Amino acid sequence: MTRRGAVHTLDAFLAASIIAMALLYAAQTPRERDYIGEETLKAEGMQALVQLNGNGTLGRLVEARSWGELEQVLRIALPGGVSFNLTVFDEFGSPLNNVTISNGGLVGRTVESLEYLLAVESGVCPLYRVRLQLGG
Amino acid sequence: MLTKRRKGQVLVVAALAIALTILTTQAYVYELNNMKISSEHGLLSDYILGIKQESRHVVTASLVNVSHGGAASNFEANLERWEVFVAGGYSLGRCDLNATLASSTTYSDGIRLDWGANGSGVSSACADFALNLGGRGVEVDWGFTVNMTSRVEVSGSYDDLGDDSKQVSVSVNLENEGASALAGTIVLEYLKSGSWEDPKNLGSYAKLDSGNGTYRYTFIDTIPGTFVRVRVRVNDLRGVFVETETSLPSG
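Fair warning: this is a prediction, and the values are worked out from it, not measured in the lab.

K.L.:
Help me out: how do you make sense of the overall build of chain A in this one?
P.N.:
Across its full length, chain A holds 4 helices and 4 strands. The N-to-C order of helical and strand elements in chain A reads α-α-α-α-β-β-β-β. Every one of the 136 residues in chain A was classed for burial, and the buried ones make up 32%. At a minimum sequence separation of 6, the contacts of chain A that also span at least 24 residues come to 62%.

Dropping the structure here:
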């Protein structure tokens, strides 16, 4: 009877050890919340802005205050299903666009914001800060 | 007896199943974290790429300004504005951008305007950048050079038609950073009796745009002398101005 009790105690100890080791190992790996959707939105937005201004298109549209055309270009550059709202600030932080540059307001489970610094290839070298809010 | 022994085995098997479930879940979470890190690196890479790209635009804008008669000091002033702008534009930590103007025998304060009389003209701006970015576990030290150069090459010859009448052929080639580039505007002129003339006013004038940065011109006029002096003034598509002169020999 005493031996059987000892075996049961060993079984329980072994089972507890297995779970404890699993928990210990799991605790060593980094645990973070899943922000993948948000990061992908940001990355896609940044990539779109970098590509748009590769040949200076974004800068020319901002410099010409062509907000409607800028909205159309962004609709093409950003993936379908992503909503956006763009605000352009001058070098001193004052907002420039007097109309909303958006494809219908920010909608989606996740809303993210990023900023892109813009230099225009014209004689006085205007600098702008572009804030792009994305929903998806 | 047998049932009681099996109870212990069931307990161990159940513990193994629970441990396996915990480890599988953790492995899944770990994979997701890896994807997140990869995505963050992509975002950071694009941000840095954006800084380099816009630094090129600042250098180009300065070259546009200086090549149209602006002060060479505008280049340094634009770079200083850009440095301050970048430092205030990074919300995730510290971002320092330091620009140094190229200084050599060919560059003065980062600018080279060599509009020679030998058929080759160069407008160039050059600066070295050092980007230091830190914060949120990220440390980036990166240096890059931006050299924006517009170069125009002019060559050609003339056929003597007698009595100082000459059929002139001119070839203009434009390059941006060593690669063929299209021109925004080209003004070709030739020297006749001490004044610069526009060959467009001649009925014999013809222009051929090859579409690859090479432009060919022909015209006929009475031009005294043993050579034909021509001048070409070009604005490339970026707005950078460059000009050159040369003497065309008899072909």
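Read on, since the account is not over.
K.L.:
Teacher, can you tell me more about the interface of chain B and chain A here?
P.N.:
The partner chain A presents 44 residues to the 46 residues of chain B that form the contact. Elements represented by at least two residues in the side of chain B that touches chain A include exactly helix H1 (2-67) and helix H2 (73-87) of chain B. Per-element accounting of the side of chain B that touches chain A gives the leading share, 35 residues, to H1 of chain B. Residue classes in the side of chain B that touches chain A are distributed as 22 nonpolar, 17 polar and 7 charged.

K.L.:
Sorry if this is basic, but what is going on with the pairing of strand E4 (residues 127-135) of chain A here?
P.N.:
Every regular strand shows the same layout, with side chains that alternate between the two sheet faces. All names here are of chain A. The element E4 is extensively covered by neighbouring structure, given that 7 of its 9 residues are classed as buried. As defined by bridge partners, strand E1 (residues 83-89) adjoins E4 across 7 bridges and the pair is classed as antiparallel. Bridging from a neighbouring strand, Phe-89 pairs with Arg-129 of E4. Across 9 bridges, the pairing between strand E3 (residues 111-119) and E4 is antiparallel. Across the sheet, the residue bridging to Val-111 is Gly-135, located in E4.

K.L.:
Can you walk me through the environment of Val-170 of chain B in this structure?
P.N.:
Residue and element names in this part refer to chain B. With respect to the helices, strands and loops of the structure, Val-170 is situated in strand E5 (residues 165-176). Sequence separation between Val-170 and Glu-76 is 94 residues, and the spatial gap between their C-alpha atoms is 37 Å. Ignoring any residue separated from it by four or fewer positions in sequence, one finds Val-170 in contact with Val-154, Gly-156, Leu-188, Tyr-217, Val-230 and Leu-248.

K.L.:
Explanation requested: the sheet that holds strand E2 (residues 101-102) of chain A in the structure shown.
P.N.:
Where strands meet in a sheet, backbone hydrogen bonds hold them as pairs that are either parallel or antiparallel. The 4 strands lie next to each other as E2-E1-E4-E3 (chain A), forming an open sheet whose pairing is antiparallel. Both edges of this open sheet fall to E2 and E3 of chain A, since each of them pairs with a single strand only.

K.L.:
Could you clarify how one ought to interpret the environment of Ser-113 of chain A in this entry?
P.N.:
Residue placement: Ser-113 of chain A occurs in strand E3. Overall, Ser-113 of chain A belongs to the partly exposed group, with 15 C-beta atoms counted inside 10 Å.

K.L.:
I keep staring at the domain arrangement of chain B and nothing clicks. Help me out?
P.N.:
By a frequent convention, interface size equals the accessible area lost on bringing the separate parts together. Residue and element names in this part refer to chain B. In terms of domains, chain B is made up of domain 1 (33-148) and domain 2 (151-248). Computed from C-alpha coordinates alone, the two centres of domain 1 and domain 2 are separated by 34 Å. Contacts between the two partners involve 15 residues from domain 1, matched on the other side by 15 residues from domain 2. At the level of secondary structure, the elements contributing two or more residues to the side of domain 1 that touches domain 2 comprise H1 and strand E3 (120-135). Class assignment for the residues of the side of domain 1 that touches domain 2 results in 6 nonpolar, 9 polar and no charged.

K.L.:
Would you explain the sheet that holds strand E12 (residues 241-248) of chain B in this entry?
P.N.:
Residues and elements named next belong to chain B. On the basis of which strands lie adjacent, the open sheet formed by 4 strands has the order E8-E7-E11-E12 and antiparallel pairing. Across the chains shown, the open sheet's two edge strands, defined by having one partner strand only, are strand E8 (195-197) and E12. Across the sheet, the mean angle separating the axes of adjacent strands is 25 degrees when strand polarity is ignored. As judged from the 7 bridges shared by strand E7 (residues 183-192) and strand E11 (residues 228-236), these two strands associate in the antiparallel manner. Its bridge partner lying in E11, Val-187 is registered against Arg-233.

K.L.:
Which parts of the structure should I look at to understand the nonpolar core?
P.N.:
One broad trend across soluble globular proteins is that nonpolar side chains are buried collectively. One finds Leu-49 and Leu-118 of chain A to be the most contacted residues of the largest nonpolar core, which totals 76 residues. A per-element tally of this core places H1 of chain B first, with 9 residues.

K.L.:
Honestly, unusual backbone geometry in this entry has me stumped. Any pointers?
P.N.:
Note on backbone geometry: most residues besides glycine have negative phi, and most peptide bonds are trans. Positive phi, close to 55 degrees, is recorded for Arg-65 of chain A, a residue that is not glycine. The class of Arg-65 of chain A is partly exposed, set by 14 C-beta atoms lying within 10 Å.

K.L.:
Looking at this structure, I do not really get the pairing of E5 of chain B. What am I missing?
P.N.:
Residues and elements named next belong to chain B. One ladder, built from 12 bridges, connects strand E4 (residues 138-162) with E5; its direction is antiparallel. Its bridge partner lying in E5, Val-154 is registered against Val-172. Counting the residues in the hairpin turn of E4 and E5 gives 2 residues, including Asp-163, whose phi is positive at 55 degrees. Taken together, the 9 bridges between E5 and strand E10 (residues 214-222) define a ladder with antiparallel strand orientation.

What counts and how
- Residues numbered from 1 in each chain as written.
- Chains lettered and ligands numbered in written order.
- Predicted model: local features only at pLDDT ≥ 70, side-chain atom pairs only at ≥ 80, totals over all residues.
- Helix = DSSP H or I, 4+ residues; strand = E, 2+ residues; numbered from the N terminus.
- Buried ≥ 20, exposed ≤ 12 C-beta atoms within 10 Å, placed from the backbone.
- Contact = placed C-beta atoms within 7 Å.
- Nonpolar A, V, L, I, M, F, W, Y, C, P; charged D, E, K, R; others polar.
- Pairing = 2+ DSSP bridges.
- Domains from an automatic or database assignment.
- Axes fitted to C-alpha atoms, helices over the stretch in contact; angles between N-to-C directions.
- Core = buried A, V, L, I, M, F, W, Y, C linked by C-beta atoms within 7 Å.

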